[in-house]
Structures are given as structure tokens and as C-alpha cells.
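A look at the structure
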Amino acid sequence: MVGIILASHGDFAKGILQSGAMIFGEQENVKAVTLMPSEGPDDIKAKMKDAISSFDNQDEVLFLVDLWGGTPFNQANTLFEEHKDKWAIVAGLNLPMLIEAYGSRLSMESAQEIAAFILNSAKEGVKVKPEALEPVDTGKSNVASAGQSNAGAPGTFEYVLARIDSRLLHGQVATAWTKTVNPTRIIVVSDAVAKDELRKNLITQAAPPGVKAHVVPVDHMIKLAKDDQHFGGQRAMLLFENPKDVLRAVEGGVPLKTVNVGSMAHSIGKVQPNKVLAFNQEDIDTFNKLKQSGLNFDVRKVPNDSKGNMNEILKKAQEELNKIK
């Protein structure tokens, strides 16, 4: 696996490392290296050498630095000179760049290949509101048009992920899961959100580059699932707020085989058997019905997490609910 060094003036590198872990999960072979006010070039160079020595593969190293021409960049560059056939440096470190690098390591084994690949995401991550302030870019739609090239072709959706997440489309979904399953469309399936224009607009605006986001009621999703004339080649990620909506969709004919259980927010009357999932009796009963229908459960927040045991989680939740009855 390609090793990644995050290098910055001050604690920026440590902070973005923490942010990346929140979205994509904890990462191996990644180190944050900082240049503090009391330190000089030799200090950060020594830190970089120590970080590289800890990597499993020291032949492939990618430096993501904060500022081109700054001391962290310059010291990385002195090390790079002896490994320019394989190592790479990218300046202008931002969170979209880091998440793209994490995702790229799953399929790419070359630091230079990853460096070239992450540039577009880093640039696309710089946006402004109001949109009228955006400069005109005639080439901006190339990625999106490529992702939608099969729109309107005969066939039905391919369901690459169905997820229960009370937060719906947020950072972990828009980055980590999107990079893993590569959808062409993200569809939020919710009667409540479909009636809320503000939430609908926020969701459609939060779609990552090259992916269209939609919000539809459950009954409409059932109709879309049965349409075999317009969605050939379309890879759909379905997002549900709760298991009840999943059950309605499955019973209505949406052909799901597995549902990823990512996050269910705590509220009054619910118990919380782990850090991210909270249940009331209706939730437990609904999951049991989904299990009886043959649906499998993939319990994890992000792709790198180990999978939880849904049977054990439901059992623990039921025991906690029984105690408070």
C-alpha cells in the first residue's frame, strides 16, 4: 500500500488527518508531519524520515503538503529527488484531496498514479456560494457527462448500495462510500424529505462530482424499480432514514439483497446498544421482518470498518428495551 505523509506549517496536518479518519475511517501507513514555530527545516525533514521508516512499503510514498514552495514542500522535495521515479508530491492539501487519495489506495499501487488521479477532486472541492461567483468552466461537465452516458438506455437500476443512515447524504457517504461503490445516481428514499424543499435542495447540492442526487417518496422508488426501459447502465445508491422505509420498499418490489446499516440517531424512547445505532421496539420488529424476507445486513459506518453482527446488536437492544418497560 502507498504510504502517505501529510505535511504542514503548524497542526493543520494533524487536524486534517483526524478529519479524514472521521469520514473514511482510521488509515494505516499515513502520518502527519508538522513544522512548529520553534522548529526549522532539519526538524521537519527528520520527522519525514521517521514517518517513512514506519511504512510497510517505503518504495511508494506520496507527500500531500499544504503550500507549494513552503518549508514542508521544500524538505519533502529534497527527499523526493532520490526517489523521483516512484515518489510524488502534491501541494494544496485539502480534505477532498485526502479522501480521494484514501480511496485510490484501494485500487492503485503507485504513488505517482494516485497523485495524478486526485488532482481533479482537489480542484472540484473548491466551490463558492452564490454559484454566480463561480468562474465559467466549459470543461467542468466532462466527468458528470461520462457518468451519465448510459442514461435512458433499456434496463433497470443496478443497486450498488442501500444504506440506512439518519443523516442521509453526508461526508462519509459522499466520499468514502461513493468511492467504493461508484454510483451514477444517489437516491434518497423518504416521504418526509421529499416534502421538505430545503432538505431536498441541500441533498442535491451535496452530491459529489459526476454523480446525480435525487429525493423521491417510497412509492415512487417502487415505481422506478419496476421501470425496465430507462435505467440500463445506471448504478444506484439508495439512502433511507429508517428501516421502516426499507421494509416498505422491499415489500413493494425494490429488489434489494443487502442493506448497509450505518447510523440511526438516538431519540426519546430508544436504546443505544452501540455508538452509532439506536432502536425502539418498532425498529427491532422491522429489522426482524427484513431478516425474515431474506435481506442481509452489512453493519458498518465506512467501508474500512469491520462488520458488526446485526443479530447480536438486535439482541442487546431488545434486552435493554425490556429493562425499561
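None of these values were measured; they are calculated from a predicted model. (Residues numbered from 1 in each chain as written. Predicted model: local features only at pLDDT ≥ 70, side-chain atom pairs only at ≥ 80, totals over all residues. Heavy atoms only, no water.)

Overview of the pairing of strand β8 (residues 235-240)
Of all six residues in β8, five are buried; the element is thus mostly enclosed. One ladder, built from six bridges, connects strand β5 (residues 158-165) with β8; its direction is parallel. In the strand pairing of β8, glutamate 158 is matched with arginine 235. Pairing of strand β6 (residues 185-189) with β8 involves five bridges; the strand directions are parallel. The residue bridging isoleucine 187 from the neighbouring strand is leucine 238, located in β8. (Buried < 20%, exposed > 50% of the residue type's maximum accessible area, 1.4 Å probe, protein only. Helix = DSSP H or I, 4+ residues; strand = E, 2+ residues; numbered from the N terminus. Pairing = 2+ DSSP bridges.)

Things to note about the nonpolar core
Within the largest apolar cluster, 39 residues are counted, with the highest numbers of intra-cluster contacts made by Met221, Leu238, Phe279 and Phe287. Apart from the residues within four sequence positions on either side, methionine 221 is in contact with Phe157, Tyr159, Ile187, Val189, Val216, Leu238 and Val254. The next biggest cluster of nonpolar side chains, apart from the first, holds 26 residues, and it includes Ala13, Leu98, Ile118 and Val302. (Core = buried A, V, L, I, M, F, W, Y, C linked by side-chain atoms within 4.5 Å. Contact = heavy atoms within 4.5 Å.)

Here's the deal with the packing of helix α1 (residues 12-24) against helix α4 (residues 95-104)
Contact pair α1 / α4: the axes reach a minimum separation of 10 Å and the direction vectors enclose 55°. Taken together, α1 and α4 sit at an angle that is classed as oblique. α4 is crossed by α1, and the crossing has right-handed handedness. In this structure, α1 uses Ile16, Leu17, Ser19, Gly20, Ile23 and Phe24 to contact α4, whose residues at the interface are Leu95, Leu98, Ile99, Tyr102 and Gly103. (Axes fitted to C-alpha atoms, helices over the stretch in contact; angles between N-to-C directions. Parallel < 35°, antiparallel > 145°, perpendicular 65-115°, else oblique. Left-handed = near helix turned anticlockwise from the far one by under 90°.)

Overview of the environment of proline 208
Within the secondary structure layout, proline 208 lies in the loop between α9 (197-205) and β7 (212-216). Excluding its chain neighbours within four sequence positions, the residues that come into contact with proline 208 are Ala174, Thr178 and Ile186.

A word on the packing of aromatic side chains
Counted by the stated rule, this structure contains seven aromatic pairs. A centroid spacing of 4.3 Å and a plane angle of 35° characterise the contact between tryptophan 68 and phenylalanine 73, whose relative ring orientation is tilted. Tryptophan 68 sits in the exposed class, given a relative accessible area of 63%. With a centroid separation of 6.1 Å and 55° between ring planes, the pair formed by phenylalanine 157 and tyrosine 159 is classed as tilted. Of the two residues, phenylalanine 157 and tyrosine 159, neither departs from the other in class, the shared state being buried. Here the aromatic cluster, defined as three or more aromatic residues joined through ring pairs, consists of Phe157, Tyr159 and Phe231. (Phe/Tyr/Trp six-rings, centres within 6.5 Å; stacked < 30°, edge-to-face > 60°.)

Points about the confidence of the model for the protein
For the protein, the average pLDDT comes to 90, and 95% of its residues sit at 70 or higher. Ignoring residues within four places in sequence, the model shows residues 138-150, a span with pLDDT below 50, making 17 contacts including any to other chains. (pLDDT = per-residue confidence, 0-100.)

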